[in-house]
Amino acid sequence: MTKVKVLVVDDSFFMRRFISGMLTNSPGIEVIDTAKNGLEAVKKTLELSPDCITMDVEMPVLDGLEAVRRIMRERPTPIVMLSTLTQEGAEVTLRALSLGAVDFLPKPVSNPYTGIVELEKELQEKVLACGTMRRERLYAASESPAAPAPLALPAASSTGGHKSRLVVIGSSTGGPNALQQIIPRLPGSFPSPMVIVQHMPVGFTRYLAERLNSISPLEVREAREGDSLRPGTVLLAPGGTHLRIDNLRHVRLTTEPTRHGVRPSVDVTLETAAAVAGKDAVGVILTGMGSDGAEGLGCVKRVGGTTLAQDENSCVVYGMPRAAVEMGYVDQIIPLHGMAEAIAGTVV
């Protein structure tokens, strides 16, 4: 069995030992070395060619952000950020993802042993997923433009005007970068309301919404209980809550049990979108681990809606799209660079 080789980077000796211990509890992971600052991390990445790096943010000599920037420029490597659950931590994490880091995990703050079983399992899953990633995809992500030019909508149908659909986009690992290549390309005149379900913990989705809003013609914001779905507005499901859509196209946020181990779940939102919008529902599944969203796409397809999935070559992790494709629920398989056009094409 080939193990995923990991470099653990943290300025705290205790955290290096703690993280290394959690990783080596998996038979599929080998910690090949540690580094106490970003400069050491860059040097050891070039020397050892790890399959994955866990990266702290705040470190002396060279911080985690600059280390990510240099590593993605000199030897693209899957990087999982370990971030504090604070406003600053969330903002820095989003910046790291925009520089090419593939995923992140909230770092234990007051008591590192609180929730240790769940934390260890999630960290191992993210690191093992890194072992399947292709480096050329990481480079493309880190070099993606911050704000691509908006599209012009396709010509309206002969029946008069563009159609208003209900678009739901689901994503996980690699999703923030993918979304930054899709949402800014949709024009402010896009006639359909849109909902995004990105797997993220509480506190982080707000900053993703703010980032997308700052570079997009459409209004993008974190959803609130009772929000109406309106054309020209993109609502992002808040971390820690499922987003349902009621019969009046209002948002309902719930804390019912997780689905596929996550909350928000793409399936939950897609199921309600299919029930409310019928053939006018559009389901889109982007890069991510696991199978969340596949059954939801099945609901959309059964009511005559449109289903799209990102292709394997452009996914950071071809998990969620693969599951939907293998179940036969996908109408079109689209590369990331063509996804905005494909979504725009659903309104004609």
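**Student:** Where do I start with the pattern of salt bridges in this structure?
**Tutor:** Where charged atoms from two side chains of opposite charge approach closely, those side chains can pair. For the structure shown, the criterion picks out 21 salt bridges. One salt bridge connects R221 with D227, and the closest N-O pair in it is separated by 2.8 Å. R252 serves as the salt-bridge partner of D246, at 3.1 Å between the closest nitrogen and oxygen. Judged by its relative accessible area of 18%, D246 is buried. On the basis of relative accessible area, R252 is assigned to the partly exposed category, the value being 32%. Overlapping salt bridges, with partners in common, bring together E66, R69 and R70 in one network.

**Student:** Got a minute to help me understand the packing of aromatic side chains in this structure?
**Tutor:** Centre distance and the angle of the planes are the two values used to describe a pair of aromatic rings. On inspection of all chains with the given rule, the structure shows 2 aromatic pairs. Between F14 and F18, the aromatic rings sit 5.8 Å apart at their centres with planes inclined by 10°, giving stacked as the arrangement. Taken together, the positions of F14 and F18, both in helix 1 (residues 13–24) and 4 residues apart, correspond to about one turn of that helix. On the basis of relative accessible area, F18 is assigned to the buried category, the value being 10%.

**Student:** Would you take a moment to explain the packing of helix 9 (residues 266–277) against helix 10 (residues 294–302) for this structure?
**Tutor:** Taken N-terminus to C-terminus, the directions of helix 9 and helix 10 make an angle of 5°; their axes are 7 Å apart at the nearest point. By the angle between their directions, the pair helix 9 and helix 10 is classed as roughly parallel. Each of D267, L270, E271 and A274 in helix 9 lies in contact with helix 10, whose residues at this interface are A294, E295, G296, L297, C299 and V300. By residue class, the composition of the contact of helix 9 with helix 10 is 6 nonpolar, 1 polar and 3 charged.

**Student:** It is not clear to me how the nonpolar core should be interpreted in this structure. Could you clarify?
**Tutor:** Among soluble globular proteins, nonpolar side chains are generally buried collectively. Counting 81 residues, the largest nonpolar core has M55, I169 and I343 as its most contacted members. Apart from residues no more than four positions distant in its own chain, I343 is found in contact with V167, I169, I182, L186, F190, M194, V284 and L308. Membership of the second largest hydrophobic core comes to 27 residues, among which are V168, A223, I245 and A323.

**Student:** Please clarify how the sheet that holds strand 13 (residues 306–310) should be interpreted in this entry.
**Tutor:** Sheet strands pair via backbone hydrogen bonds, and the direction of the pair is either parallel or antiparallel. Here 7 strands make up an open sheet; going across it, the order is 8-9-7-6-12-13-14 and the pairing parallel. Pairing within the sheet leaves two strands with one partner each, and these edge strands are strand 8 (219–222) and strand 14 (332–334). The sheet shows a mean angle of 20° between the axes of neighbouring strands, direction not considered. Two elements, strand 12 (residues 281–285) and strand 13, share 4 bridges in a ladder whose sense is parallel. Looking at strand 13, one finds that V282 is bridged to T306. On the sheet, helix 12 (residues 336–344) packs against strand 6 (166–171), strand 7 (194–198), strand 12, strand 13 and strand 14 and is oriented at approximately 165° with respect to strand 13.

**Student:** Just checking my understanding: could you explain the packing of helix 7 (residues 175–182) against helix 12 for this structure?
**Tutor:** For any two helices packed against each other, the geometry comes down to the angle between their axes and how far apart the axes lie. Two numbers describe how helix 7 lies on helix 12: the axes approach to 8 Å, and their chain directions differ by 55°. On the basis of the axis angle, helix 7 is oblique to helix 12. Considering how the two elements wind past one another, helix 7 and helix 12 form a crossing that is right-handed. Across the interface between the two elements, A178, Q181 and I182 of helix 7 pack against L336, M339, A340 and I343 of helix 12.

**Student:** Explain helix 2 (residues 38–48) to me, please; I cannot follow it from the model alone.
**Tutor:** Owing to its 3.6 residues per turn, the α-helix brings residues three or four apart onto one side. The set of residues buried in helix 2 consists of G38, A41, V42, K44 and T45. On its buried face, helix 2 sits against strand 1 (4–9), strand 2 (29–35), strand 3 (52–56) and helix 3 (64–74). For helix 2, the N-terminal cap is N37; the gap from its side-chain oxygen to the backbone nitrogen of L39 is 3.0 Å. Residue S49 follows helix 2 closely and has a positive phi angle near 50°.

**Student:** For this particular structure, what's the right way to read the pairing of strand 7?
**Tutor:** Side chains on a regular strand alternate between the two faces of the sheet. Most of strand 7 sits inside the fold, with 5 of its 5 residues counted as buried. Of the two faces of strand 7, the one carrying M194, I196 and Q198 and the one carrying V195 and V197 are both buried. What joins strand 6 to strand 7 is helix 7, and the crossover it makes is right-handed. By the bridge criterion, 3 bridges tie strand 7 to strand 9 (residues 233–236) in an arrangement that is parallel. Across the sheet, V195 pairs through a bridge with L235, a residue of strand 9.

**Student:** Sorry if this is basic, but what is going on with unusual backbone geometry here?
**Tutor:** The residue after R263, namely P264, is reached through a cis peptide bond having omega 20°. Of note in the backbone geometry, V61 takes a positive phi value of approximately 70° without being a glycine. Here V61 shows up in the loop between strand 3 and helix 3. Within the chain, H260 stands out as a residue other than glycine whose phi angle is a positive 60°.

**Student:** What am I meant to see in helix 10 here?
**Tutor:** Along helix 10, the residues classified as buried are A294, G296, L297, G298 and V300. Those residues of helix 10 that are buried are in contact with helix 9, strand 12, strand 13 and helix 11 (320–326). Of the residues trailing helix 10, G304 is marked for its positive phi of about 90°.

What counts, and where the lines are drawn
- Residue numbering note: each chain is counted from 1, following its sequence as written.
- Given that this is a predicted model, residues contribute local features only at a pLDDT of at least 70 and side-chain atom pairs are listed and counted only at 80 or more, while totals for whole chains, interfaces and linings are drawn from all residues.
- Excluded from the side-chain calculation are hydrogens and water; included are all heavy atoms of the structure.
- When a carboxyl oxygen of Asp or Glu is within 4 Å of a side-chain nitrogen of Lys or Arg, the pair counts as a salt bridge.
- Working definition: with a 1.4 Å probe on protein chains only, accessible area under 20% of the residue-type maximum means buried, over 50% means exposed, and in between means partly exposed.
- We call Phe, Tyr and Trp rings a pair once their centres come within 6.5 Å, taking the six-membered ring for Trp, and we label the pair stacked below 30 degrees between planes, edge-to-face above 60, and tilted otherwise.
- What counts as a helix is a DSSP run of H or I of at least four residues, what counts as a strand is a run of E of at least two, and both are numbered from the N terminus.
- Axes here refer to lines fitted to C-alpha atoms; in helices the fit is confined to the stretch in contact. Angles between the N-to-C directions go from 0 to 180 degrees.
- Each angle receives one of four descriptions, namely roughly parallel if under 35 degrees, roughly antiparallel if over 145, roughly perpendicular if within 65 to 115, and oblique otherwise.
- Note on contacts: a residue pair qualifies if any of its non-hydrogen atoms lie within 4.5 Å across the two residues.
- Side-chain classes are defined by residue name, with Ala, Val, Leu, Ile, Met, Phe, Trp, Tyr, Cys and Pro counting as nonpolar, Asp, Glu, Lys and Arg as charged, and the others, Gly among them, as polar.
- Among buried residues, those of type Ala, Val, Leu, Ile, Met, Phe, Trp, Tyr and Cys that are joined through side-chain atoms within 4.5 Å constitute a nonpolar core.
- Only when DSSP finds a minimum of two bridges between them are two strands counted as paired.
- By definition, turning the near helix anticlockwise from the far helix through less than a right angle yields a left-handed crossing, and turning it clockwise yields a right-handed one.
- Between N or O atoms, a polar contact is any pair within 3.5 Å; within protein, one atom must be a potential hydrogen donor and the other a potential acceptor, and residues adjacent in sequence are included only when both atoms are from side chains.
- Convention used here: a crossover is right-handed provided that the path from the first strand, over the helix, to the second strand proceeds clockwise when the strands point away from the viewer.

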